[in-house]
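Okay, here's what each chain looks like letter by letter:
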Amino acid sequence: SASSSERLWEIDVLRGIAILMMITYHVVFDLNYFGFTATDLNSPAVLVFLYPVGTLFLLLVGISLTLSYSRVKHTLTKNQLRMKYLRRGCSIFCLGLLITLATWIYPHEGFIIFGILHCIGLSIILAYPFLQSRLSSLLLGILCISIGIILRMTVTVDFPWLLWAGFVPTSFYTLDYFPLLPWFGVVLIGVFLG
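Residues numbered from 1 in each chain as written. Predicted model: local features only at pLDDT ≥ 70, side-chain atom pairs only at ≥ 80, totals over all residues. Heavy atoms only, no water.

Trainee: Quick one: what's the story with the packing of aromatic side chains, residue by residue and with numbers?
Mentor: Any aromatic ring pair is given by two values, namely how distant the centres are and how the planes are angled relative to each other. What the rule picks out here adds up to eight aromatic pairs. With a centroid separation of 6.1 Å and an interplanar angle of 25°, the aromatic rings of Y51 and W183 are classed as stacked. One end of the pair, Y51, is in helix α2 (residues 44–72); the other, W183, is in helix α6 (residues 180–193), with 132 residues separating them in the sequence. Y51 gets classed as partly exposed once you look at its relative accessible area, which sits at 43%. With relative accessibility at 9%, the residue W183 sits in the buried group. (Phe/Tyr/Trp six-rings, centres within 6.5 Å; stacked < 30°, edge-to-face > 60°. Helix = DSSP H or I, 4+ residues; strand = E, 2+ residues; numbered from the N terminus. Buried < 20%, exposed > 50% of the residue type's maximum accessible area, 1.4 Å probe, protein only.)

Quick look at the structure:
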């Protein structure tokens, strides 16, 4: 783990802002869920607040990957590096699976199928090859975001098997949804910025 002298306060401040924004959203969500308020969580005002929260978290994933990689690339072999990010991605993805199980048990309606932890876990694994090629990460990031936006606006399907990619069935409802298209693109742009 990095010592305090190796930490970048700017990244920690951005993480703190992202966490405060996420807490704010979840307080509004919980007040709404338990009937204390009647906020439309799909209103433009709420979505304009919610999307920057996810964007900031995922940008920070990409930036942090780049910083982590630059600190250890000379001390670990290529195989050790690959395994480091594979383990990290798998462990975060498994936490996402636990969230899926917990939300399937309660509240069940709208349980989380591919939320932000699923997206972060897979993105860590998929972003590894781009940690040395910043321009490629930028270009592929822009492409992923563009395809994701087009999918969201124009394509609906009758099956749930490609939810992880961004193909949304007609009657799909979930409490948290961050498909790889467009959100992996945000991680790749974070890699570029890192």
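Trainee: Can you explain the layout of surface pockets? Please cite residues and give values.
Mentor: Space inside the largest pocket adds up to approximately 1,300 Å³. Breaking the lining of the largest pocket down by element, the ones donating at least two residues are α1 (9–33), α2, α3 (78–105), α4 (116–127), α5 (134–154) and α6. Its residues assigned to classes, the lining of the largest pocket shows 29 nonpolar, 10 polar and five charged. (1 Å grid on protein atoms, 1.4 Å probe; cavity = no way out; pocket = protein on both sides within 12 Å on 5 of 7 lines; lining within 4 Å. Points joined across faces, edges and corners; volume = space filled by probe spheres on them. Nonpolar A, V, L, I, M, F, W, Y, C, P; charged D, E, K, R; others polar.)

Trainee: Please set out the state of the cysteines residue by residue, giving values where relevant.
Mentor: On inspection of all chains with the given rule, the structure shows zero disulfides. Summary of cysteine pairing: C90 is not part of a disulfide, and the nearest cysteine sulfur, belonging to C94, is at 6.4 Å. Overall, C90 belongs to the partly exposed group, its relative accessible area being 34%. As a non-bridged cysteine, C144 has C119 as the owner of its nearest cysteine sulfur, 10 Å distant. (Disulfide = S-S within 2.5 Å.)

Trainee: Could you give an account of the side chain of S68, with specific residues and numbers?
Mentor: With respect to the element layout, S68 can be found in helix α2. On the basis of relative accessibility, which here comes to 15%, the residue S68 falls in the buried class. Within the structure, the side chain of S68 is placed 2.9 Å from the side chain of Y85, a separation counted as a polar contact. (Polar contact = N/O pair within 3.5 Å; in protein donor to acceptor, adjacent residues only side chain to side chain.)

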